[in-house]
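# What the coordinates show
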Amino acid sequence: MQSYVRQNITSEPETLHHLLFYCSFVQPFWKNFECFFYLLTKEFVHLTLQDVMIGIIYPNYPLLNYLLLVAKLNIWHCRRNLTSPVIDVLKLKAKVKHETEKLICVKTNNIDKFNKKWDLCMGLAL
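Presented here is a report on the structure given in the accompanying data block. (Residues numbered from 1 in each chain as written. Predicted model: local features only at pLDDT ≥ 70, side-chain atom pairs only at ≥ 80, totals over all residues. Heavy atoms only, no water.)

Assigned secondary structure in the chain consists of 6 helices and 0 strands. Reading the secondary structure of the chain in the N-to-C direction produces α-α-α-α-α-α. Counting across all 126 residues of the chain, residues that qualify as buried make up 37%. For the chain, the exposed surface amounts to about 8,000 Å²; the carbon and sulfur share of it is 59%. (Helix = DSSP H or I, 4+ residues; strand = E, 2+ residues; numbered from the N terminus. Buried < 20%, exposed > 50% of the residue type's maximum accessible area, 1.4 Å probe, protein only. Areas by Shrake-Rupley, 256 points an atom, 1.4 Å probe, with all protein chains shown as cover.)

Below, the structure written as structure tokens:
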């Protein structure tokens, strides 16, 4: 696995846009994110800088912005630890959220609410 350490050799300034979107260590992560989202929803999404920085409103996919937020936190943690971000961390966090929300909805008798939110990705990639 490549490391962010090599990034310090380049002359590019480490801006927030660079860190979260343009960095050569992050770009493959976003491609993997797009593939992961497609596996979950069967919906293609092509992320832009604006999408990553601000979010996207897809009424049929309420999880997209949650996943984007978790992905950005993952990138930040990887940068702090001088490692490259990998999609498996995001998948694990999505699985934990899925299981936690299901448990809460079962206990509160709101399984319909859970099914509506997670319906498109039930049993897929999580």
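With that out of the way, let us pick up the packing of aromatic side chains. As enumerated under the stated definition, the model contains 4 aromatic pairs in all. Taking 5.1 Å as the distance between ring centres and 85° as the angle between the ring planes, the aromatic pair formed by Phe21 and Tyr22 counts as edge-to-face. On the accessibility criterion, Phe21 (15% relative accessible area) is buried. Between Phe29 and Trp30, the ring centres sit 5.3 Å apart and the planes meet at 70°, which makes this aromatic pair edge-to-face. Take Phe29 and Trp30: they sit in the same class, and that class is buried. (Phe/Tyr/Trp six-rings, centres within 6.5 Å; stacked < 30°, edge-to-face > 60°.)

Attention now goes to the nonpolar core. By size, the foremost hydrophobic cluster in this structure holds 26 residues, and its most contacted members are Trp30, Phe33, Leu47, Leu67 and Leu90. Mapped by element, the contributors of at least two residues to this core are α1 (16–22), α2 (27–41), α3 (49–54), α4 (63–80) and α5 (87–107). Excluding its chain neighbours within four sequence positions, the residues that come into contact with Leu90 are Phe33, Phe36, Leu67, Val70 and Ala71. (Core = buried A, V, L, I, M, F, W, Y, C linked by side-chain atoms within 4.5 Å. Contact = heavy atoms within 4.5 Å.)

Our focus in this paragraph is the pattern of salt bridges. All told, the structure shown has 3 salt bridges when counted by the stated rule. Linking Lys97 and Glu101 is a salt bridge whose minimum nitrogen-to-oxygen distance equals 2.6 Å. A residue pair is termed a helical-turn pair when its members lie 3 or 4 positions apart in one helix, as Lys97 and Glu101 do in helix α5 at 4 residues. With a relative accessible area of 16%, Glu101 lands in the buried category. (Salt bridge = Lys/Arg side-chain N within 4 Å of Asp/Glu carboxyl O.)

What follows concerns α4. Because each turn of an α-helix spans 3.6 residues, side chains separated by three or four positions in sequence point in the same direction. Counted at 1.5 Å a residue, the expected span for α4 with its 18 residues is 26 Å, and the 26 Å between its end C-alpha atoms agrees. The set of residues buried in α4 consists of Leu63, Leu64, Leu67, Leu68, Val70, Ala71, Lys72, Asn74, Ile75, Cys78 and Arg79. Looking at the packing, one finds that the buried side of α4 touches α1, α2, α3, α5 and α6 (111–118). Trailing α4 by a residue or two, Leu82 shows a phi angle of about 60°, which is positive. (Expected span 1.5 Å × (residues − 1).)

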